[in-house]
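# Observations on the model geometry
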Amino acid sequence: MASEDVILETIDLDKSFGAVHAVRTVSWKVYEGRVNALVGDNGAGKSTLIKLISGALQPNSGGFRVRGQETRIGGPAGAFGLGIAAVYQNLALVENRDVVMNMFLGSELTRGPGQIFLDHKGMLRQAHEVLDDIHARIPNVREMVRNLSGGQRQAVAVGRALIRGGEIIIMDEPTAALGVEQTQEVLQLIDTLRGQGKTIILISHNIQQVFEIADYISVMFHGELIGTRSRDEATEAEVVAMIMGKRSP
Amino acid sequence: MFARLTQGQLPMARRRREQLLFLMDNGIYVVTVVLFIVFVILAPYFFTPRNLVNILISASLAGIVTAGYTVAILAGQIDTSTQGVLAVATVTTALLFEEVGVSLPLTVAFALLAGIAAGLFNGLIVVNGKIVAFVATLATQGVMLAIALFLSGGQTITIAREGLQEAVFIRVFGIPSSVWIMFFCYIVGYVMLTQTKLGAHIYATGADYRAALLSGVPVDRVIRIALVISALTAALTAVLVTARAKQSAMFGLAIAGSVDFVTALTAVLLGGFSLFGGVGRIERNLVAVLFLTILGNGLQLMDVPTGIILIVRGFALVLAVILSVLRARMT
């Protein structure tokens, strides 16, 4: 583990909602170019930790180190600036718009006086490039998102993250609502992203799946980070025990 | 180890659905042409230059207000204050031009400003008050109608001063300027909606407010702009209506042509728009407006009693609503 580069680190991150102590002084290392899985039972604090990293929430105390630099993440825009992009569980896609417009929603390419006109050609070209890079098979990028499969949607959402310069891509339960085949599509997508040097933070309930795809598995329990294991040295039984709160030596 | 991302032809059922949607969306073109041909055959004097120009004038008044209304609908905002804006703007026009004696350009400018103010007021209630547009604008419409009533002292203001009607309905290439203004509005609307960032944001905000918000679209600003555009075109229509009738229109009910909330709504829905926002193409609305105008005009020429015409128009709205709901269920 020592030889790996840490791209993002949380430092004693702490977050409470009133009486609920959701994240307790969590110091977590995220390894560059790896799939970093975050597992834990419902209410273990995974989502809160992820929202702190993606800028959707602000911590009560603690901070971040990104590429060795101590920094704060002021909001979603600040996170984008640091190359951190979250792919939300509901994907935040607009059903009645096509693939290209969804990928560029909120960060449209523009041209002309005052940059008020859309650069349709540029967006089309870049959308093709990005989707080709992640081997997404979307035959027609002018297709409405409503007609896409779950796997294709995930590809569009990830494509959007990449277009925004995402180097650290947070995927929150990306296969939760998917069938067997589409789950495989998404796992392949994650593998492809890793192959391109992207860093993935993967939240999942599915231990089997985590063992299939992740390089590192971190476990949260009652708001605490109780351990990180590399996939090769961990067993499913050990991870399940950690999820239930048993600290291993 | 992994299955390839599925090569994607659309599955059969989805393709059927898309075909049906295409039919529902573009059927208005066919229906309008058929109706036109039917009236050419059946309605006396229908296919005369004079009547065709009349149709265009009526269509232009309904068309302009519908153009702006469409933008609001696309942003997911059902703007029911059209009548109120019309009332305020028509009274403003008549008062300034006839009673105060302001010049024509200034009169028009003030009427349009009144429209912008009304749109901003709507935006304030909808965005800052976090109230659904349908309800909020129903309330603001009441306020606007009251203001118009107060300003006009409850009287219709007749315009005796020369220059308004003549200037506004000056003919360019034989066609009254209001028709040109309508085409201009639709061209601007088309370019804005399909070619600009604002247009993309209007569609996205209407289609999925939350997704747009999460994607960094300035949704509140988009809603404000859409409501201002809607009110602005209503005010522009009010100027034209006032000029055509040479008097202010009481309660915003247009004397000439059928410029009202219901017509705009019918046209928008017939044009394949979703009541819930984010879906539709503005050029289809232009055709839907022509359809409604031709329908009214043709029936009138065939000596169908006004009551029956109104019933037919009512059914057009019912049909449009059914189409819209069917469409929403399919997508």
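That block above? That's the structure.
First, a word on what this report is: a plain description of the structure on this page. (Residues numbered from 1 in each chain as written. Chains lettered and ligands numbered in written order. Predicted model: local features only at pLDDT ≥ 70, side-chain atom pairs only at ≥ 80, totals over all residues. Heavy atoms only, no water.)

## A word on the overall build of chain B
- When helices and strands are counted, chain B shows 13 helices and 2 strands.
- Here the C-alpha atoms of chain B give a radius of gyration of 21 Å, agreeing with the 20 Å that 2.2 N^0.38 yields for 331 residues.
- C-alpha atoms of chain B, sized along the principal axes, occupy 85 × 55 × 35 Å.
- Among the 331 residues that make up chain B, the fraction classed as buried is 52%.
- In chain B, once contacts between residues fewer than 6 apart in sequence are set aside, the share between residues at least 24 apart is 76%.
- With 20 positive and 12 negative side-chain charges, chain B shows a separation of 14 Å between the mean positions of the two kinds. (Helix = DSSP H or I, 4+ residues; strand = E, 2+ residues; numbered from the N terminus. Rg over C-alpha atoms; globule rule 2.2 N^0.38 Å. Buried < 20%, exposed > 50% of the residue type's maximum accessible area, 1.4 Å probe, protein only. Contact = heavy atoms within 4.5 Å. Lys, Arg positive; Asp, Glu negative; His and termini not counted. Charge placed at Lys NZ, Arg CZ, Asp CG, Glu CD.)

## So, the packing of helix α2 (residues 49–74) of chain B against helix α12 (residues 282–301) of chain B
Residues and elements named next belong to chain B.
- At a closest axis distance of 8 Å, the pairing of α2 and α12 adopts a crossing angle of 140°. In terms of orientation, α2 lies oblique with respect to α12. Pair α2 / α12 crosses with right-handed handedness. Contacts from Asn51, Ile55, Leu56, Ser58, Ala59, Ala62, Gly63, Thr66, Ala67 and Thr70 in α2 reach Ile282, Asn285, Val289, Leu290, Thr293, Ile294, Asn297 and Leu301 in α12. (Axes fitted to C-alpha atoms, helices over the stretch in contact; angles between N-to-C directions. Parallel < 35°, antiparallel > 145°, perpendicular 65-115°, else oblique. Left-handed = near helix turned anticlockwise from the far one by under 90°.)

## Observations regarding helix α3 (residues 82–100) of chain B
All names here are of chain B.
- The end-to-end C-alpha distance of α3, which contains 19 residues, comes to 25 Å, matching closely the 27 Å that a straight helix rising 1.5 Å per residue would cover.
- When you tally the buried positions in α3, you get 16 out of 19 residues, the bulk of the element.
- Gly101 occupies a position one or two residues after α3 and carries a positive phi of about 80°. (Expected span 1.5 Å × (residues − 1).)

## Things to note about the sheet that holds strand β10 (residues 168–172) of chain A
All names here are of chain A.
- Here we have 6 strands laid out as an open sheet, ordered β7-β10-β11-β4-β12-β13, and mixed in their pairing. This sheet does not close on itself; its edge strands, each paired only once, are β7 (84–87) and β13 (224–230). Averaged over all adjacent pairs, the angle separating strand axes in this sheet is 20°, with direction ignored.
- Sheet contacts for helix α5 (residues 150–163): β7 and β10; angle to β7, the most-contacted strand, approximately 160°. (Pairing = 2+ DSSP bridges.)

## Some thoughts on the packing of aromatic side chains
All names here are of chain B.
- Applying the stated rule across the entire model yields 5 aromatic pairs over all chains.
- Measuring from ring centre to ring centre gives 5.4 Å for Phe36 and Phe46, while their planes differ by 65°; the resulting arrangement is edge-to-face. Of this pair, Phe36 sits in helix α1 (residues 12–42) while Phe46 sits in the loop between α1 and α2, placing them 10 residues apart in sequence.
- Relative accessible area serves as the criterion here: at 0%, Phe46 is assigned to the buried category.
- Here the basic side chain of Arg161 rests over the ring of Phe97, its NZ or CZ set 3.9 Å away from the ring centre. (Phe/Tyr/Trp six-rings, centres within 6.5 Å; stacked < 30°, edge-to-face > 60°. Lys NZ or Arg CZ within 6 Å of the ring centre and 35° of its normal.)

## Structural notes on empty space enclosed by the protein
- Inspection of the entire model under this criterion finds 5 cavities of 30 Å³ or more.
- Taken as a whole, the largest cavity spans an internal volume of roughly 190 Å³.
- Along the wall of the largest cavity there are 17 residues; nearest its centre are Phe80, Ala86, Tyr88 and Arg164 of chain A together with Leu214 of chain B.
- Of all the secondary structure elements, the ones that give two or more residues to the lining of the largest cavity are α2 (76–81), β7 and α5 of chain A.
- Among the elements that make up the lining of the largest cavity, the one with the highest residue count is β7 of chain A (4 residues).
- Looking at the lining of the largest cavity residue by residue, the classes come out as 13 nonpolar, 2 polar and 2 charged. (1 Å grid on protein atoms, 1.4 Å probe; cavity = no way out; pocket = protein on both sides within 12 Å on 5 of 7 lines; lining within 4 Å. Points joined across faces, edges and corners; volume = space filled by probe spheres on them. Nonpolar A, V, L, I, M, F, W, Y, C, P; charged D, E, K, R; others polar.)

## Remarks on the nonpolar core
- Phe39, Tyr69, Val85, Tyr186, Leu193, Ile202 and Leu270 of chain B are the most contacted members of the largest nonpolar core, which has 85 residues in total.
- It is α2 of chain B that provides the largest number of residues to this core, a total of 13 residues.
- Not counting the four nearest positions on each side in its chain, Leu270 of chain B is found in contact with Ile28, Ala288, Phe291, Leu292, Ala316 and Ala320 of chain B.
- Within the second largest apolar cluster, 53 residues are counted, among which are Val100, Val156, Ile169 and Leu189 of chain A. (Core = buried A, V, L, I, M, F, W, Y, C linked by side-chain atoms within 4.5 Å.)

## As for the pairing of strand β1 (residues 6–17) of chain A
Residue and element names in this part refer to chain A.
- As paired elements, β1 and strand β3 (residues 29–31) share 3 bridges and run antiparallel to each other. Paired with Leu8 across the strands is Val30, a residue of β3.
- Where β1 lies against strand β5 (residues 61–66), 5 bridges are found, and the strand directions are antiparallel. Pairing of Glu9 across the sheet is with Arg65, part of β5.
- Sheet analysis places β1 next to strand β2 (residues 20–26), joined by 4 bridges and oriented antiparallel. Residue Phe17 lies in a different strand from β2, and its bridge partner there is Val20.
- Following β1, the chain reverses through 2 residues before pairing antiparallel with β2; Gly18 in that reversal takes a positive phi of roughly 60°.

## Topic: the layout of surface pockets
- Here the largest pocket defines a volume of roughly 850 Å³.
- Lining the largest pocket are 30 residues, with Asn96, Arg97 and Met144 of chain A together with Gly280 and Arg281 of chain B sitting closest to its centre.
- Elements with a minimum of two residues in the lining of the largest pocket: α1, α7 (177–195), α8 (197–207) and α12 of chain B.
- Here the lining of the largest pocket takes 5 residues from α1 of chain B, the largest share from any one element.
- Residue composition of the lining of the largest pocket, grouped by class: 12 nonpolar, 7 polar and 11 charged.

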